[in-house]
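Overview (structure and organization)
Below are the chains, spelled out letter by letter.
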Amino acid sequence: RAKNRSGVTACFYRKEMDEAARERKSIRADLQYAIARGELKLHYQVQTSALTDEVTGYEALLRWTHRTRGLIPPDIFIPIAEESGAIVEIGDWVLRTACKTAVQWGRDKIAVNVSGVQIARADFAESVHSILYETGLPPNRLELEITETALIADKVRALHTIRQIHALGVSIAIDDFGTGYSSMQTLRTFPFSKIKLDRSFTHGLDREPAAKAILHAVLALGKSLGITVLAEGVETLAQLDILRHEGCDEVQGYLLGRPEPRESALAANISVAQLSRLAGAA
Ligand code: C2E
Ligand code: MG
Ligand code: MG
Ligand code: MG
């Protein structure tokens, strides 16, 4: 009987897995044409100084509107694009589009996420260089966001590439800090100018002493290494208050602004001071 039941379960899983595999396969096939079909778009999310609420930059976030499936989140399609290699062309498109937009905007910095697959390519620094040249964006207005996981596969080569990019005058941020492996070793070796503290820590700030203690330690680390610390995923004024009080440099999150198409991202830039007043009035 037990055997029978497990047989049924196995069969059920099998069917689910087949379906998931089919779905991935079809997404993978369609990704090849996403650029040509004009289905990719960038949204921009504002980053501000925690204390003065001045805009320090915008992060470009990729959006894919599939013609039949609708909006597919990057957490789903980026890993598939990495697997298929499509991320190289897509990543190039993202970088070029973000740099062009930044040139039109004026003086703010633009932060662009890059995948480990891109960094692992021998010609990556060269393509960053030519995109900067082609779009006319000054290198010091570009920041590349890289997760630790992206640096793991081939550390020696990744370090080489990152150093080349750094030498161009482009700055490098470590993304989702605290969720990867061997953070300290990575901080020690790579020329990061910004730590982006993962949003899971930000979310714990107003209820979890441990999250606050970790923030405290990361801020101390940032200060002594001369690295800017940005808290991701700020959603409430309570979180923002703690971040300011602890001396966090920069903030990003729904409270300050959602990722939006470029026109509205610029317009929606409500100041934090304004938000605080609104909260006080409520
Ligand atoms: P990420 O780089 O850590 O980006 C932050 C994610 O958190 C974004 O999700 C953003 O929309 C979301 N977020 C921002 N503020 C808040 C908040 O206050 N609360 C909550 N709950 N979430 C917030 P998104 O846009 O879905 O992107 C997910 C991930 O996909 C990114 O994480 C990044 O790793 C990857 N990604 C996005 N665009 C690109 C790209 O152009 N290239 C590559 N390689 N990866 C990308
Ligand atoms: Mg990012
Ligand atoms: Mg992040
Ligand atoms: Mg992330």
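Residues numbered from 1 in each chain as written. Chains lettered and ligands numbered in written order. Predicted model: local features only at pLDDT ≥ 70, side-chain atom pairs only at ≥ 80, totals over all residues. Heavy atoms only, no water.

Details of the site of ligand 1
Neighbouring residues of ligand 1: 23 residues in total, closest Arg-63, Asn-113, Arg-199, Glu-235 and Tyr-254. Glu-59 has a polar side-chain atom sitting 3.1 Å from an oxygen atom of ligand 1. One nitrogen or oxygen atom from the main chain of Leu-62 is found 3.1 Å from a nitrogen atom belonging to ligand 1. Out of a free accessible area of 800 Å², ligand 1 has 86% covered by protein chains. Applying the majority rule of atoms within 2 Å of the grid points places ligand 1 in the largest pocket. Looking at the shell around ligand 1 element by element, the count peaks at 4 residues for strand 2 (residues 55–66). Classifying every residue of the shell around ligand 1 by side-chain character gives 9 nonpolar, 5 polar and 9 charged. (Near = heavy atom within 4 Å. Polar contact = N/O pair within 3.5 Å; in protein donor to acceptor, adjacent residues only side chain to side chain. Areas by Shrake-Rupley, 256 points an atom, 1.4 Å probe, with all protein chains shown as cover. 1 Å grid on protein atoms, 1.4 Å probe; cavity = no way out; pocket = protein on both sides within 12 Å on 5 of 7 lines; lining within 4 Å. Sits in = over half its atoms within 2 Å of the grid points. Helix = DSSP H or I, 4+ residues; strand = E, 2+ residues; numbered from the N terminus. Nonpolar A, V, L, I, M, F, W, Y, C, P; charged D, E, K, R; others polar.)

A word on the pattern of salt bridges
In the structure shown here, the tally under the stated rule is 11 salt bridges. With a closest N to O distance of 2.8 Å, Arg-24 and Glu-83 form a salt bridge. Residue Arg-24 is located in helix 1 (residues 2–34), and its partner Glu-83 is located in helix 2 (residues 74–84); the two are separated by 59 residues in the primary sequence. Of the residues examined, Arg-24 reaches a relative accessible area of 35% and is grouped as partly exposed. Of the charged contacts in the structure, one is a salt bridge between Lys-194 and Glu-250, with a shortest N-O distance of 3.0 Å. With a gap of 56 residues between them, Lys-194 in strand 7 (residues 194–197) and Glu-250 in strand 9 (residues 250–251) connect regions that are remote in the sequence. Comparing Lys-194 with Glu-250 shows no difference in burial state: the two are buried. Salt bridges sharing common partners tie together Lys-109, Glu-143, Lys-194 and Glu-250. (Salt bridge = Lys/Arg side-chain N within 4 Å of Asp/Glu carboxyl O. Buried < 20%, exposed > 50% of the residue type's maximum accessible area, 1.4 Å probe, protein only.)

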